[in-house]
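One-letter residues, chain by chain:
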Amino acid sequence: MALKCGIVGLPNVGKSTLFNALTSAKALAANYPFATKDPNVGMITVPDERLNKLTELVNPKSTVPTTVEIVDIAGLIKGASKGEGLGNQFLANIREVDAIMHVIRCFDDDNVVHVDGNVDPVRDKEIIDTELILKDIETVEKRLDKARKAAKSANKDDIRTVEVLEGILAHLEAENPARSYDVHDSEFVKDLLKEIMLLTSKPILYVCNVDEDGVIEGNAHSARFEESVAGENAEIIRICAGIEADIAELDTYEERMEFVQDMGLEQPGVNRVIFSAYHLLDLITYFTAGEKEVRAWTIRRGTKAPGAAGVIHTDFEKGFIRAEVIHYPDFVELGSEAAVKAAGKMHIEGKEYVVQDGDVMHFLFNV
């Protein structure tokens, strides 16, 4: 499965600069609102040292990493929910992504115009939140109108739908995002939320775009912002998009890592963005490894073996018989599939096996 993340934020907060760094693409990153009028889309590979190690051990003809699709969406302004600026386009594009990367401006620069005149990350976040919540209220009201008409037949499910939608509407009207609505572990509520596809139900990663001096410990702007969202249980990271753009311009991995280390960092910020997005969506990676190809595959944590097989091809899931599983540490310790088999550490698993992060798998199927 390909993870699809949308980069959002007010104009001139560093969205397109971050997009360029993530994808090494050349999206327009001009110093004026709406420089990005159409969503730029880029595919980026997910860095994984385990894939490199397996490639070293297996020596395949090709290596295929898993990927993340990044969408740079036009900047949003006040009134977007009513069509102001590029509001309708923004809201349509954001509806299609799995997760939101909300870039927050946490740097001062007189040469970069702020759409609202001054830097205030808390206010900026609230502008975006308000517009998304207003659009969600509109969506719920329309769905609730239909549900109330259907409930006149006294069908229990229709009546329950009305009750749940009224609860969600009250939650939104209290200026709370749908993602914080208490579903009470109810599959009915979860399914209904999934059906209506509310914008504020999507997982969110806050990316604080700081100046160079604030990359490691942050600054006054990022500290204030992080305090303001402490109760959201959201993912928050700090990066300097300008630094990431400089790193992306370097030709080799060695040059990039030398630059990163000179900055006092352990890894590029773009790596942390990707890892945080994975954590946000509760994703894991498993591998297939053979002479022709070593490849990484993305699945949700908790996926059983047939579902993992289906990521490769639907026939694998339909005709699933069993899976041969090698745990990554065993593969690395023993050095080859043959050695793992000889040591009796290859596991034969059935339909109920829950795939673990890092598993090296081979599927047997029949259709």
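We now turn to the structure provided with this report. (Residues numbered from 1 in each chain as written. Predicted model: local features only at pLDDT ≥ 70, side-chain atom pairs only at ≥ 80, totals over all residues. Heavy atoms only, no water.)

1. Examining the overall build of the chain
At step 1: Within the chain, the secondary structure is distributed over 14 helices and 12 strands.
At step 2: Relative to its full complement of 367 residues, the chain shows a buried share of 47%.
At step 3: Contacts in the chain between residues at least 24 apart in sequence constitute 69% of all its contacts with a sequence separation of at least 6. (Helix = DSSP H or I, 4+ residues; strand = E, 2+ residues; numbered from the N terminus. Buried < 20%, exposed > 50% of the residue type's maximum accessible area, 1.4 Å probe, protein only. Contact = heavy atoms within 4.5 Å.)

2. Thoughts on the packing of helix H8 (residues 241–249) against helix H9 (residues 253–262)
At step 1: Remark: H8 packs on H9, axes separated minimally by 8 Å, with the N-to-C direction vectors making an angle of 150°. Looking at the two axes, H8 sits roughly antiparallel to H9. Here Ile-243, Asp-246, Ile-247 and Ala-248 of H8 lie close against H9, whose contacting residues are Arg-256, Phe-259 and Val-260.
At step 2: Its residues placed into classes, the contact of H8 with H9 shows five nonpolar, no polar and two charged. (Axes fitted to C-alpha atoms, helices over the stretch in contact; angles between N-to-C directions. Parallel < 35°, antiparallel > 145°, perpendicular 65-115°, else oblique. Nonpolar A, V, L, I, M, F, W, Y, C, P; charged D, E, K, R; others polar.)

3. Brief notes about the pairing of strand E7 (residues 235–239)
At step 1: Burial along E7 is one-sided: the residues Glu-235, Ile-237 and Ile-239 are buried and none of Ile-236 and Arg-238 is.
At step 2: Pairing between strand E6 (residues 204–210) and E7: five bridges, direction parallel. By the bridge assignment, Leu-205 is partnered in E7 with Glu-235. (Pairing = 2+ DSSP bridges.)

4. Regarding the nonpolar core
At step 1: Counting residues in hydrophobic clusters, the biggest one holds 53 residues, and the most contacted among them are Val-68 and Ile-70.
At step 2: Ignoring sequence-local partners within four residues, the contact set of Val-68 consists of Leu-3, Cys-5, Gly-42, Met-43, Ile-44, Val-46, Ile-274 and Tyr-278. (Core = buried A, V, L, I, M, F, W, Y, C linked by side-chain atoms within 4.5 Å.)

5. Points about the side chain of Ser-186
At step 1: Position of Ser-186 among the secondary structure elements: in the loop between helix H5 (156–173) and helix H6 (187–196).
At step 2: A polar atom in the side chain of Ser-186 sits 3.2 Å from the backbone nitrogen of Val-189. (Polar contact = N/O pair within 3.5 Å; in protein donor to acceptor, adjacent residues only side chain to side chain.)

6. Quick notes on the pattern of salt bridges
At step 1: Under the criterion given, the structure shown has 20 salt bridges.
At step 2: As a salt-bridge pair, Lys-4 and Glu-69 come within 3.8 Å of each other at their nearest N and O atoms. With Lys-4 in strand E1 (residues 3–8) and Glu-69 in strand E4 (residues 67–72), the pair connects residues that are 65 residues apart, well separated along the chain.
At step 3: Note that Arg-295 is salt-bridged to Glu-293, the shortest N-O span being 3.9 Å.
At step 4: Take Arg-295: its relative accessible area is 27%, and that puts it in the partly exposed class.
At step 5: Here Glu-293 falls in the partly exposed class, since its relative accessible area comes to 27%.
At step 6: Salt bridges here are not isolated pairs; linked through shared partners, they connect Asp-48, Arg-50 and Asp-357. (Salt bridge = Lys/Arg side-chain N within 4 Å of Asp/Glu carboxyl O.)

7. What to know about empty space enclosed by the protein
At step 1: For the structure on display, the rule yields one cavity of 30 Å³ or more.
At step 2: The computed volume of the largest cavity comes to approximately 30 Å³.
At step 3: Lining the largest cavity are Ile-100, His-102, Ile-128, Asp-129, Leu-132, Arg-179 and Ile-204.
At step 4: Residue contributions to the lining of the largest cavity peak at three residues, all from helix H4 (residues 121–151).
At step 5: For the lining of the largest cavity, the per-class residue count stands at four nonpolar, one polar and two charged. (1 Å grid on protein atoms, 1.4 Å probe; cavity = no way out; pocket = protein on both sides within 12 Å on 5 of 7 lines; lining within 4 Å. Points joined across faces, edges and corners; volume = space filled by probe spheres on them.)

8. Topic: the packing of aromatic side chains
Two numbers describe a pair of aromatic rings. These are the distance of the centres and the angle of the planes.
At step 1: For the coordinates displayed, the defined rule picks out four aromatic pairs.
At step 2: When the ring of Tyr-286 is compared with that of Phe-363, the centres are 6.0 Å apart and the planes differ by 90°; the resulting orientation is edge-to-face. Of the two residues, Tyr-286 sits in strand E8 (residues 283–289) while Phe-363 sits in strand E12 (residues 360–365), which places them 77 residues apart along the sequence. Across the pair, Phe-363 and Tyr-286 agree in class, each one buried.
At step 3: One aromatic cluster is present, built from ring pairs that chain together Tyr-286, Phe-320 and Phe-363.
At step 4: In this arrangement the basic side chain of Arg-105 is found over the ring face of Phe-107, its NZ or CZ atom lying 4.4 Å from the centre. (Phe/Tyr/Trp six-rings, centres within 6.5 Å; stacked < 30°, edge-to-face > 60°. Lys NZ or Arg CZ within 6 Å of the ring centre and 35° of its normal.)

9. Considering unusual backbone geometry
At step 1: If you check the backbone angles, Met-197 has positive phi at about 50° while not being a glycine.
At step 2: Structurally, Met-197 can be placed in the loop between H6 and E6.
At step 3: Here Met-197 falls in the partly exposed class, since its relative accessible area comes to 40%.
At step 4: The backbone of Asp-282 shows a phi angle near 55°, a positive value even though the residue is not glycine.
At step 5: By the secondary structure assignment, Asp-282 is in the loop between helix H10 (269–280) and E8.
At step 6: Taking relative accessible area as the criterion, Asp-282 reaches 38% and is therefore assigned partly exposed.

The values are spatial; any link to function lies outside them.
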